[in-house]
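Next come the chains, spelled out residue by residue.
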Amino acid sequence: MDMYTSAAIILGVMVLVYFIALWVKLSTELAMLVAALAGAVAGGHFFPARHVAEGAITYLDINLIFICATLFMNILKESGGVAFVVRSIIKTFHNSRVLLLILLSILLLIPGALTGAGSVTVLITGGMVAVVLNYMGISKIKTAAIIFLIAGLSAAAPPVSLWAMMTAAGVNMPYVGFFWPLLIPCVTGALFTVFFLGWKGTKIDVGKAFEELPVPPEKMNWTRIIIPFVIFFGLMFMGRKWPHDTPVVGLPLMFLFAALASYLLSPKKLDFFRISADTIKQLLPLIGTLTCVGILVQIMTLTGVRGLLAITFITLPAYLVIGSLFFFLPITESVLMYGSAAVFGVPLVLLFNSMGLNPIIALAGMSVIWPLGDALPPTAIIGRLTVDVAGAKDSYGKFLKQCIVPAIVIMILGTLMVLYSKQLGFLTGL
Amino acid sequence: MNRKDIIRKSLIGFVGLVVLVVAGIRFYQHRHFKEQVVIGDQVKVKKLGNYFDGVKGTFNDCNIYFIEGTEPGATMMILGGSHPEEPAGRLTALVMVENARITKGRLIVVLSANRSATSVTRPSAAYPQLFTIPTAWGGQQFRMGDRWSNPLDQWPDPEVYIHYPGKQNLAYMDIRNLNRAWPGRANGTLTEKTTFAFMNLIKQEKVDVVIDLHEAELQYPVINTIVTHEKGQDLATMASMTLTDFEGFSIGTEFSPKNLHGLSHREIGDYSDAISLLLEAPEPFLDATRGITGAEQLLEGKDAFVVKAGKHGLLYAPIDDKGWPIATRVGRHTSTVLQIMQSWNEFHPEKELVCEGVPKYTELIAKGLGAFLIDPGSVAKGKVVFE
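Basis of the calculations
- For every chain, the first residue of the written sequence is number 1, and numbering continues from 1 along that sequence.
- For naming, the first written chain is A and the first written ligand is 1, with later ones following in the order written.
- This being a predicted model, a pLDDT of at least 70 is required before a residue's local features are given, and a value of 80 or more before pairs of side-chain atoms are given or counted; all residues contribute to the totals for chains, interfaces and linings.
- Water and hydrogen atoms were dropped before computing side-chain values, which therefore reflect all heavy atoms in the structure.
- The helix count covers DSSP runs of H or I at least four residues long, the strand count covers runs of E at least two residues long, and both are numbered beginning at the N terminus.
- Radius of gyration here is computed from C-alpha atoms only, and the compact-globule reference equals 2.2 Å multiplied by the residue count raised to the power 0.38.
- Relative accessible area decides the class of each residue, using a 1.4 Å probe on protein chains only: under 20% of the type maximum gives buried, over 50% gives exposed, and in between gives partly exposed.
- Residues enter a nonpolar core if they are buried and are Ala, Val, Leu, Ile, Met, Phe, Trp, Tyr or Cys, with the set joined through side-chain atoms within 4.5 Å.
- Contacts between residues were defined by any pair of non-hydrogen atoms, one from each residue, lying within 4.5 Å.
- The salt bridge criterion pairs a side-chain nitrogen of Lys or Arg with a carboxyl oxygen of Asp or Glu, the two atoms within 4 Å.
- By this rule, a helix spans an expected 1.5 Å times one less than how many residues it contains.
- A residue's bend is the angle separating two fitted axes: one through the seven residues that end there, the other through the seven that start there.
- Axis lines are fitted through C-alpha atoms, for helices just across the contact stretch, and the angle between N-to-C directions can take any value from 0 to 180 degrees.
- For this classification, under 35 degrees means roughly parallel, over 145 means roughly antiparallel, 65 to 115 means roughly perpendicular, and everything else is oblique.
- Three classes are used, and their members are as follows: Ala, Val, Leu, Ile, Met, Phe, Trp, Tyr, Cys and Pro are nonpolar, Asp, Glu, Lys and Arg are charged, and the others, Gly among them, are polar.
- Accessible surface is computed with a 1.4 Å probe, and the buried area is the amount of it that two parts give up when combined, taken over both parts together.
- Pairing of aromatic rings covers Phe, Tyr and Trp, the last counted by its six-membered ring, and requires centre-to-centre distances within 6.5 Å; plane angles under 30 degrees mean stacked, over 60 mean edge-to-face, and any other angle means tilted.
- Cavities and pockets are found on a 1 Å grid laid over the protein atoms alone: a cavity is a set of points where a 1.4 Å probe fits but cannot escape, a pocket is an open set with protein on both sides within 12 Å along at least five of seven lines, and a lining residue has an atom within 4 Å of such a point.
- Grid points are joined across faces, edges and corners, and a volume is the space filled by probe spheres set on the points.

Trainee: Which residues make up the overall build of chain B, and what are the values?
Mentor: When you go through chain B residue by residue, the secondary structure sums to nine helices and 15 strands. For 387 residues, the compact-globule formula gives about 21 Å, and the C-alpha radius of gyration of chain B, at 21 Å, lands near that figure. In terms of overall dimensions, chain B has C-alpha extents of about 85 × 50 × 50 Å along its principal axes. Here chain B, with 387 residues, has 61% of them falling under the buried criterion.

Trainee: Go over the nonpolar core with me, naming the residues and quoting the values.
Mentor: Grouped together as the largest cluster of nonpolar side chains are 179 residues, with contacts concentrated most on Met136, Phe255, Leu348, Phe352 and Phe399 of chain A. Leave out the neighbours within four places in its chain, and Met136 of chain A touches Arg97, Leu100, Leu101, Leu104, Gly201, Thr202 and Ile204 of chain A. Of all hydrophobic cores here, the second largest spans 60 residues; its members include Val43, Leu279, Met341 and Leu364 of chain B.

Trainee: Outline unusual backbone geometry, supporting the account with residue identities and numerical values.
Mentor: All names here are of chain B. Each neighbour pair has its own omega, and for Trp155 with Pro156 the value is 5°, a cis peptide bond. Each neighbour pair has its own omega, and for Trp182 with Pro183 the value is 0°, a cis peptide bond. Its location among the elements puts Pro183 in the loop between β9 (169–170) and α3 (190–204). The phi angle at Ser124 is positive, at roughly 80°, despite the residue not being glycine. Along the polypeptide, Ser124 turns up in the loop between β5 (101–110) and β6 (130–133).

Trainee: Now, about the pattern of salt bridges: what can you tell me, with residues and values included?
Mentor: Summed over all chains, the structure comprises 25 salt bridges over all chains. Here Arg50 of chain A and Glu54 of chain A are joined by a salt bridge, their closest N and O atoms 2.9 Å apart. In this pair, Arg50 of chain A and Glu54 of chain A both sit in helix α3 (residues 49–56), four residues apart, roughly one turn of the helix. For the pair shown, Arg50 of chain A and Glu54 of chain A are each scored as buried. The partner of Glu215 of chain B in a salt bridge is Arg329 of chain B, and the shortest N-O contact between them spans 2.6 Å. Placement of the pair is Glu215 of chain B in strand β10 (residues 209–216) and Arg329 of chain B in helix α8 (residues 326–347), with a sequence separation of 114 residues. Owing to a relative accessible area of 2%, Glu215 of chain B belongs among the buried residues under this scheme. Here the salt bridges do not stand alone but share partners, grouping Glu230, Lys258, Arg266 and Asp270 of chain B into one network.

Trainee: Please set out helix α7 (residues 118–135) of chain A residue by residue, giving values where relevant.
Mentor: Residues and elements named next belong to chain A. Under the 1.5 Å per step criterion, the end-to-end length of α7 is 24 Å for 18 residues, consistent within 8% with the ideal 26 Å. At Gly126, α7 shows its largest kink, close to 55°. Across the 18 residues of α7, 15 count as buried, placing the element largely inside the fold. After α7 finishes, the residue Gly137 shows a positive phi value of roughly 85°.

Trainee: Give a description of the packing of helix α17 (residues 325–336) of chain A against helix α18 (residues 339–354) of chain A that names residues and reports values.
Mentor: All names here are of chain A. One can describe the packing of α17 onto α18 by two numbers: an axis separation of 7 Å at closest approach and a directional angle of 150°. For the element pair α17 / α18, the angle class is roughly antiparallel. Only Gly339, Ser340, Val343, Phe344, Leu348 and Phe352 of α18 make contact with α17, whose side of the interface consists of Leu325, Phe328, Leu329, Thr332, Glu333 and Leu336. Class assignment for the residues of the contact of α17 with α18 results in eight nonpolar, three polar and one charged.

Trainee: A description of the interface of chain B and chain A should follow, citing residues and the corresponding values.
Mentor: Chain B puts 57 residues into the contact, and the matching count from chain A is 57 residues. Broken down residue by residue, the surface that chain B buries against chain A is led by Ser124, Glu159 and Phe305 of chain B, which jointly contribute 15%. Counting across the chain B and chain A interface gives one salt bridge. Between Arg240 of chain A and Glu159 of chain B there is a salt bridge, with the nearest N and O atoms lying 3.4 Å from each other.

Trainee: Talk me through the packing of aromatic side chains; I want residue IDs and the actual numbers.
Mentor: To describe a pair of aromatic rings, one takes the distance between the centres and the angle between the planes. Residues and elements named next belong to chain A. A complete count under the given rule lists 22 aromatic pairs over all chains for this structure. Geometrically, the ring pair formed by Phe272 and Phe273 is edge-to-face, given 5.9 Å between the ring centres and 85° between the ring planes. Looking at Phe273, the relative accessible area reads 67%, which means it is exposed. Ring pairing ties together the aromatic residues Phe148, Tyr396 and Phe399, which thus form one cluster.

Trainee: Account for the layout of surface pockets, with residues named and values stated.
Mentor: Roughly 950 Å³ of internal volume is contained in the second largest pocket. If you go around the second largest pocket, you meet 28 residues; those closest to its centre are Leu30, Leu33 and Cys292 of chain A together with Ile12 and Gly16 of chain B. Of all the secondary structure elements, the ones that give two or more residues to the lining of the second largest pocket are α2 (28–42), α3 and α14 (272–303) of chain A together with α1 (3–31) of chain B. Partitioning the lining of the second largest pocket into residue classes produces 21 nonpolar, four polar and three charged.

Trainee: Could you give an account of the side chain of Thr125 of chain A, with specific residues and numbers?
Mentor: Residue and element names in this part refer to chain A. Structurally, Thr125 can be placed in helix α7. Of the residues examined, Thr125 reaches a relative accessible area of 8% and is grouped as buried. Discounting residues that sit within four places of it in the chain, Thr125 has contacts with Leu107, Leu108, Pro111 and Val120.

Here it is, written out as structure tokens:
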């Protein structure tokens, strides 16, 4: 049997088993695991223990970041810090909607831009921004859409854009010249999103907001809130400013230090172990999904299914490749997450380079589109996390519906950058 | 929790435990698998730790093989295993250690420049852990590795890797990439300490030429080529022209970009007196479009999906149904190394390096790689060294 036939049959088995698993009411993550195991068996690997274990740790670092950042945010919330910040923002800016929307966009853009992870934006500032947006008369589902889309753009924004960095590393291209090509579309997309979804609303009723918002402990103040953030960003700053004199601690430990500071500075006594246990319970579905996606990708690679998908896409006519980037990249992101940069980003950039397009601008354009896939099943990691953080109780489909218009604008922006990358080449030298 | 739940969770827990134990044993066996290298009378083995205490006793304290002639001459260093997911580099180094006879000058060979990276395979890439080269005595096994140091030896990664001393921003995981960590630093990460130790070796042993052996995916533009520091332009160009004319395969030359930091061909040349060159052979197994992933594909270099990519003009190296077998890839490296030696001798007749016994491209293709490996069971115990 040739490789095309065998990979196509295995892909068919995996898809079939995945849907049967969903039909018998298994969760998404378990359905992926079962589909992966079925694919392995179809490929002649009857007890792929090593591949299951190796695939499962693919996203170990990202899982650790999720856990530590969420723990930090939960401690801050329980100590009354979040309520304090929200009250202060409302008190100071309730008269200017434009200023408030711009401020909230900046608050959402910074954490992801510095870490390359949209999840960090959602976990660090997402909760606070959500509360303020709700008081501005924006529904929880719209709020979730705003946070998700800007978090995605923050991840693509410079200085750290993992999709661009991983692809650039794969083609041996220095990660240089990306600052403006990434910053301009990210800021444009973020401002469009926040004004499109957030302009219509109501004036903040300060009295009502203050009545409804939890009252922070009396001793809560800015110092207690800011110090953990100073520790987090201070560690990051030191790593950037003096990279060769600062030990590498990694993002998870930075978040843990911030969590510890927040715990010690809390004006009221907190039950650390209960908050930790709640954090794990809260994140278990996300951790499970990431673990099972890793296993799925490993088995797809082992059996040739990943290669079949990659070769099928990149050998389409050039106009179809560029014309379908807007949905192809998010779809690959929804399955492979950052792995899609290595699997599809590398051949695509090399393809664009051979077509005479500017690889830096084209890659920046693709990097803006990729994060949109974080809302799509089967993983939908950041999308689900955002809906959870924003406290939206509507169906997930409604959340996706709210994202559509800004997402289309972002897709067009990214596609145009690829298409006109040659003409936009000057941005790399700014 | 009712009885049914307890039984269900216990069963799942038991299955998880079995997977964990079986996989754990496989990971342990891979990391501690002993590759055998047969050394001749001319070969002396030192450790990288002899050149820098910072790596002494660590997983990266690799073997350094010295093959010295009776007459003085030039010193050339061959680096295999900078990226252990590119096995032709390590196997070429092995063929040289087991076959080279030096009459003039000195050859320094490294099989596992980043030994830590030989002890891990990449999550989600489904690499085989071990592969076997067929030989007359049944076969010899080797570890497949990764591009990056094992996280067991160096972890966590920063959110962005800032190269020393170039300060260039690189992808975070490249902090564990040996060929992004040159020239290294004494108080750096394990990977940086490793390149720092190699720089000490290059300076102390007064190495004239360093050749770093690699393989690349066919969709990568720097392939079938000699990448050279500006100091080695004449050498690389002469070798490339001669090989293309007389050896039966073509190989190009590329100049090391000055703004791309951390690579051996740039930094060794900049920070030592040595000429630095890097060889790239084609490895379809690394292509993102590859199909089934296994030891057979790794060694035979055949892949229908990569062939299709070639038919669409997406590759920078040719490929057909015959693929790129490991003997061909190793043969390209051995012939290129030998030709570089020859070209060096033409430029420096007063300081020659004369090497015999190493099989060339055509010999390797005709007889297979296994024909040039020595059976560890056929030699005295003291003549077998473990990688």
